[in-house]
Amino acid sequence: MKEALARRDAIPAADSVRSGSPIRLRLKRAGEIARPVDLARLLTRHGLSLKRAHATLNRITADEAVAVRLWSEAPNDVPSQFRALGVEASPLTIPKVDTRAIRARLGLSQADFAVRFGFELDTVQNWDQGRHAPDPATRVLLAIIDRDPALVEAVMIDAGKPERTPA
């Protein structure tokens, strides 16, 4: 038994290949997944471990949408590879935002924008003047503010309400 374990430890585990450019995708079942093994192979070929590929496959077959970060030498070809296996692969891209333009569309000053959406005034000023750029998560929030400012306000109002405890 010790010899078998020693041999197993001597063999390096096959690591997923992470070459090329990173690509974020939302994977969702688009029909019948006739060849699940091929789907798992595709996931591992693009950088997921076998364990993570298996878990992703299970979630997709359960009709869940799954976000993954893969690697590819040809990122534009990846969605069609998934489509051929019955999976819709939609690229997830961090939006580019222009805070000054968002504020102008909303008719808000820097101070009003900062107060309304929970930012520091200095931060908004730095974004507008190009001294700093919003981080990726903040760019997503700013894009949501641009698309639906009332939604962000509603979330902030609900966050300030005391939690109700069940009677």
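Report follows, based on the coordinates. Numbering of residues starts from 1 in every chain and runs along the sequence as written. Residue-level local features of this predicted model are given only where pLDDT is at least 70; pairs of side-chain atoms are given and counted only at 80 or more, and the full residue set underlies all totals for whole chains, interfaces and linings. Note that water and hydrogens are dropped before the side-chain values are worked out from all heavy atoms of the structure.

A short note on the overall build of the protein
Thought 1: Numbered from the N terminus, helices here are DSSP runs of H or I no shorter than four residues, and strands are runs of E no shorter than two. From N to C terminus, the protein includes 9 helices and 3 strands.
Thought 2: Along its sequence from the N terminus, the protein presents helices and strands in the succession α-β-α-α-β-α-β-α-α-α-α-α.
Thought 3: Burial status follows relative accessibility: with a 1.4 Å probe on protein chains alone, a residue under 20% of its type maximum counts as buried, one over 50% as exposed, and anything between as partly exposed. In the protein, which comprises 167 residues, the share counted as buried stands at 28%.
Thought 4: Residues are treated as being in contact if the distance between any of their heavy atoms lies within 4.5 Å. A sequence separation of at least 24 residues applies to 70% of the contacts in the protein between residues at least 6 apart.
Thought 5: Per-residue and other accessible areas were derived by the Shrake-Rupley procedure at a 1.4 Å probe size, with only the shown protein chains allowed to occlude residues. Accessible area for the protein stands at about 11,500 Å²; split by element, carbon and sulfur atoms hold 53% of it.

Remarks on the packing of helix H5 (residues 99-106) against helix H8 (residues 136-147)
Thought 1: With axes taken as lines fitted to C-alpha atoms, and helix axes fitted only over the stretch in contact, angles between N-to-C directions fall between 0 and 180 degrees. Two numbers describe how H5 lies on H8: the axes approach to 10 Å, and their chain directions differ by 25°. Viewed along their axes, H5 and H8 adopt a mutual orientation that is roughly parallel. In this structure, the crossing between H5 and H8 has a hand that is left-handed. Residues Thr99, Ile102, Arg105 and Leu106 of H5 touch H8, and the partners they reach there are Leu142, Ile145 and Asp146.
Thought 2: For the contact of H5 with H8, the class distribution of residues is 4 nonpolar, 1 polar and 2 charged. For classification purposes, an angle smaller than 35 degrees is called roughly parallel, one larger than 145 roughly antiparallel, one from 65 to 115 roughly perpendicular, and anything else oblique. Take the far helix as the reference: if the near one is turned anticlockwise from it by less than a right angle, the crossing is left-handed, and if turned clockwise, right-handed. Polar here means any residue other than Ala, Val, Leu, Ile, Met, Phe, Trp, Tyr, Cys and Pro, which are nonpolar, and Asp, Glu, Lys and Arg, which are charged; Gly is therefore polar.

Some remarks on the packing of aromatic side chains
The geometry of an aromatic ring pair is captured by the separation of the ring centres together with the interplanar angle, meaning the angle of the planes.
Thought 1: Whether two aromatic rings pair depends on their centres lying within 6.5 Å, for rings of Phe, Tyr and Trp, where Trp uses its six-membered ring; planes under 30 degrees apart make the pair stacked, over 60 edge-to-face, and the rest tilted. Counted according to the given criterion, the structure contains 3 aromatic pairs.
Thought 2: With a centroid separation of 5.8 Å and 15° between ring planes, the pair formed by Phe113 and Phe119 is classed as stacked. Taken as a pair, Phe113 and Phe119 share a single burial class, namely buried.
Thought 3: Ring plane angle 75° and centroid distance 5.1 Å describe the contact between Phe119 and Trp127, whose orientation is recorded as edge-to-face.
Thought 4: By relative accessible area, Phe119 is classed as buried at 15%.
Thought 5: Feature note: the residues Phe113, Phe117, Phe119 and Trp127 constitute an aromatic cluster, connected by ring pairs.

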